[in-house]
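Structural features, examined
Chain residues, written in single-letter form:
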Amino acid sequence: MYSQTVMEHFTNPRNVGEIADADGVGQVGNPKCGDIMKIYIKVMDNVISDIKFKTFGCASAIASSSMATELVLGRTLEDAWKLTNTAVAEALDGLPPIKMHCSVLAEECIHAAINDYRRKRGLEPWADKSHDELVEEHSHHHH
Ligand SMILES: [Zn+2]
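Residues numbered from 1 in each chain as written. Predicted model: local features only at pLDDT ≥ 70, side-chain atom pairs only at ≥ 80, totals over all residues.

On to unusual backbone geometry. Phi is positive for Asp-45, close to 50°, though the residue is something other than glycine. Here Asp-45 shows up in the loop between β2 (35–44) and β3 (47–56). Phi at Asp-93 takes a positive value of approximately 60°, unusual for a residue other than glycine. Of note, Asp-93 is situated in the loop between α4 (85–91) and α5 (100–120). Assessed through the 12 C-beta atoms surrounding it within 10 Å, Asp-93 is described here as exposed. (Helix = DSSP H or I, 4+ residues; strand = E, 2+ residues; numbered from the N terminus. Buried ≥ 20, exposed ≤ 12 C-beta atoms within 10 Å, placed from the backbone.)

Taken together, the seven bridges between strand β1 (residues 24–30) and β2 define a ladder with antiparallel strand orientation. Bridge assignment links Val-25 to a residue of β2, and that residue is Tyr-40. The turn linking β1 back onto β2 is made up of four residues, and Gly-34 within it adopts a positive phi angle of 75°. (Pairing = 2+ DSSP bridges.)

Another point: the sheet that holds β3. One open sheet holds the three strands; their spatial order is β1-β2-β3, and the pairing between them is antiparallel. The open sheet has two edge strands, β1 and β3, and neither has a second partner. Between one strand and the next, the sheet's axes are offset by a mean angle of 15°, whatever the strand orientation. The strands touched by helix α2 (residues 59–72) within the sheet are β1, β2 and β3, with β3 carrying the most contacts at an inclination of about 175°. Relative to β1, α5 is tilted by about 150°, and along the sheet it contacts β1 and β2. (Axes fitted to C-alpha atoms, helices over the stretch in contact; angles between N-to-C directions. Contact = placed C-beta atoms within 7 Å.)

A word on the environment of Ala-68. Along the chain, Ala-68 turns up in helix α2. Of the residues examined, Ala-68 has 29 C-beta atoms within 10 Å and is grouped as buried. Separated by 15 residues in sequence, Ala-68 and Phe-53 have C-alpha atoms that sit 9.9 Å apart. Discounting chain neighbours no more than four positions away, the residues touching Ala-68 are Leu-83, Val-88, Ala-106, Glu-107 and Ile-110.

Set out below in structure tokens:
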């Protein structure tokens, strides 16, 4: 059911933990499988200089957080914002269709952390798009 890469990131996740003096913290939840994801970022010169996550959830959610944090570490906030759940899933060599929403969670959590950082700096939060349709589409196709 899961790719080797998913299993590898699930059993040996990168960037696990928390950052006490984080510049931004994002937390999102996923009612579909009860996943809760929290991401902490440090920002230096507009670049994500450190990132940690804590995820309580399914294998896909943990592997997605691990891969997503790897993909945005060292990137500018603008680049990190553009990371899509599809890119996370592709980097994991695919996720089972019914588990795509877990990669959406990773994308949303990074967005939440970036916007938390922006709010703390007195900046307008960036607008997030809704993933409801994508998630619905996936759950309709695969029961
Ligand atoms: Zn999940």
